[in-house]
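Listed below are the residues making up each chain.
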Amino acid sequence: MDVIEPPAPQQDEPQHTCYRHKHIKTELSCGRCGRYLCHKCVVLGAAGPRCRDCARQSISLRPGAVVYEAKTGVLSLLRQPYGWYIAIVVLGFLARMGCSMREDAERAREIQMVEAQQRAQKGGPPPTDAPGPNAP
Ligand SMILES: [Zn+2]
Ligand SMILES: [Zn+2]
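Just so we're clear, the structure is a prediction, and the values are computed from it rather than from any experiment. (Residues numbered from 1 in each chain as written. Chains lettered and ligands numbered in written order. Predicted model: local features only at pLDDT ≥ 70, side-chain atom pairs only at ≥ 80, totals over all residues.)

Here's the deal with the overall build of the protein
Put simply, the test is: Strands are runs of DSSP state E lasting at least two residues, helices are runs of H or I lasting at least four, and both sets are numbered from the N terminus onward.
Regarding its fold elements, the protein presents three helices and four strands. Seen in sequence order, the protein has helices and strands lined up from the N terminus as β-β-β-β-α-α-α.

So, in structure tokens, the structure goes:
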């Protein structure tokens with residue numbers, strides 16, 4: 001017997017209102033003080049959604065905390081009706097950071113390969129066209 005249950009009605013309606021705009025419903029909240037923010041009031045930085053007060057205060061950021069908060073911020077954003085739009089903005093920022101980190105890793109690997117090649121060349125016969133110490 002295949003009984004296909006109808007999907008339960010989802011309560012996606014935001015239950016909270018922006019702390020500044022009481023008529024705007026939102027589920028987006030400041031990751032620091034927890035106040036609910038509409039998309040006009042939210043300030044998106046590397047650390048995730050923030051209210052304007054907290055965005056002004058969080059000048060000194062620890063990289064580890066930023067990565068953690070960005071991750072949790074993105075996860076909470078994806079639950080918002082308009083979260084995908086904001087998530088794309090945040091992910092774009094993170095992607096740019098990730099790309100530069102990947103470039104660094106690639107450069108490091110290239111340097112290691114060149115080092116290995118040079119070490120292999122030193123072990124083998126010396127190149128004949130290399131200028132000696134008495135070359136003009
Ligand atoms: Zn805040
Ligand atoms: Zn607002």
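After presenting the structure, the write-up continues.
Some words on the nonpolar core
Defined as follows: What makes a nonpolar core is a set of buried Ala, Val, Leu, Ile, Met, Phe, Trp, Tyr and Cys residues, with links drawn between C-beta atoms within 7 Å. Three classes are used. A residue is buried when 20 or more other C-beta atoms lie within 10 Å of its own, exposed when 12 or fewer do, and partly exposed in between, with C-beta atoms placed from the backbone. A pair of residues counts as a contact when their C-beta atoms, built from backbone coordinates, are within 7 Å of each other.
Counting residues in hydrophobic clusters, the biggest one holds eight residues: Cys18, Leu28, Cys30, Tyr36, Leu37, Cys41, Val42 and Cys51. With sequence-adjacent residues up to four places away left out, Leu37 is seen in contact with Cys18, Tyr19, Thr26, Leu28, Ser29, Cys30, Val42, Pro49 and Cys51.

Focus on the confidence of the model for the protein
Applied cut-off: Confidence per residue, as judged by the predictor, is encoded in pLDDT with a range of 0 to 100.
For the protein, per-residue confidence averages 77 on the pLDDT scale, and 73% of positions sit at 70 or higher. By mean pLDDT, the top-scoring element of the protein is strand S1 (residues 16-17) (93), and the lowest-scoring one is helix H2 (residues 63-77) (69).

Considering the environment of His16
Topologically, His16 is positioned in strand S1. A tally of 15 C-beta atoms within 10 Å means that His16 is categorised as partly exposed. The spacing of His16 and Arg35 is 19 residues in sequence and 9.8 Å in space, taken between C-alpha atoms. Aside from chain neighbours lying at most four places away, what touches His16 is Lys25, Thr26, Glu27 and Tyr36.

Observations concerning the environment of Ala47
Relative to the assigned elements, Ala47 resides in the loop between strand S3 (43-45) and strand S4 (48-50). For Ala47 and Ala70, which are 23 residues apart along the polypeptide, the C-alpha to C-alpha distance reads 4.8 Å.

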